[in-house]
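Chain residues, written in single-letter form:
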Amino acid sequence: MNNIILIGYMAVGKSTVGKSLASLMNFKYRDTDRMIEKREGMEIKDIFKEKGEPYFRGLEKEIAKNLKNTTKRVVSTGGGLFMDKEVRDQLLKEDFVVFLILPMEDIYKRIQRNDRRPLAKAASPEELKERYEVRLPYYEKAHVCIDTKGKTPYQVAQEIRGRYHQWMEKGRK
Ligand code: S3P
């Protein structure tokens, strides 16, 4: 209840901003991908390779559902988590959901810098863009959408903190 959930495409900075925001708010920080890796004792790319994407999505959903009983957390989510309707409805009802926006060319540059992301590894810029366009209408259901281009993680975190307080003051609207 009233957790802050960061959603958005791969490599937009959900984890970096999330850590900064958690310390600013004095909330606990959680990252769904890291929780899955810890639980499985494996990296995400190996879970995809050895157990498959549906298995990964199942774990991701279970973790999201367990957030229902928690509060005062900043949670960075994997880029696909919000595509699940049940998860989306729960998060929008219980928590404050923030969509972080970054232009595709910046995302693409960042993604190329590491190979941890199984869905990005072999994808062309066109494929990445297509997947983003499919997801965008769902991401845009967030309570707020924040443009991160040219801002430091701390600036983005401050902006989110302000919007969160406004949302709470207006009775979660
Ligand atoms: C995914 C994004 C990844 C990770 C997995 C699937 C996606 O997280 O959950 O590789 O479907 O967009 P990041 O958004 O942190 O890269």
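This structure is a prediction, so every number in the text was calculated from the model and none was measured. (Residues numbered from 1 in each chain as written. Predicted model: local features only at pLDDT ≥ 70, side-chain atom pairs only at ≥ 80, totals over all residues. Heavy atoms only, no water.)

Asks: Would you take a moment to explain the environment of Gln90 for this structure?
Replies: Summarising the element assignment, Gln90 is placed in helix α5 (residues 85-94). For Gln90, a relative accessible area of 10% corresponds to the buried category. Placed 22 residues apart in sequence, Gln90 and Lys68 show a C-alpha to C-alpha distance of 7.7 Å. Not counting residues within four places of it along the chain, the set of residues in contact with Gln90 comprises Ala64, Lys65, Leu67, Lys68 and Asp95. A distance of 3.0 Å separates a polar side-chain atom of Gln90 from the backbone oxygen of Ala64. (Helix = DSSP H or I, 4+ residues; strand = E, 2+ residues; numbered from the N terminus. Buried < 20%, exposed > 50% of the residue type's maximum accessible area, 1.4 Å probe, protein only. Contact = heavy atoms within 4.5 Å. Polar contact = N/O pair within 3.5 Å; in protein donor to acceptor, adjacent residues only side chain to side chain.)

Asks: I tried to follow the nonpolar core on my own but got confused; where do I start?
Replies: The nonpolar side chains of a soluble globular protein tend to be buried, and buried together. One finds Ile4, Leu6, Tyr9, Val98, Leu100 and Ile160 to be the most contacted residues of the largest nonpolar core, which totals 52 residues. When near neighbours in sequence (up to four residues on either side) are disregarded, Ile160 contacts Ile4, Leu6, Val17, Leu21, Phe96, Val98, Leu100 and Ile146. (Core = buried A, V, L, I, M, F, W, Y, C linked by side-chain atoms within 4.5 Å.)

Asks: Explanation requested: the site of the ligand in the structure shown.
Replies: Taken together, 13 residues lie around the ligand, and Lys14, Asp33, Arg57, Arg117 and Arg135 are the ones closest in. Contacts to the ligand include Arg117, whose side-chain N or O atom sits 2.6 Å from an oxygen atom. Taking Arg135, its side chain carries an N or O atom lying 2.7 Å from an oxygen atom of the ligand. In the complex, 94% of the free accessible area of the ligand, which totals 390 Å², lies under the protein chains. For the shell around the ligand, the secondary-structure elements that each account for two or more residues are α4 (53-66) and α7 (118-121). Looking at side-chain class alone, the shell around the ligand contains five nonpolar, three polar and five charged residues. (Near = heavy atom within 4 Å. Areas by Shrake-Rupley, 256 points an atom, 1.4 Å probe, with all protein chains shown as cover. Nonpolar A, V, L, I, M, F, W, Y, C, P; charged D, E, K, R; others polar.)

Taken by themselves, the reported measurements are silent on function.
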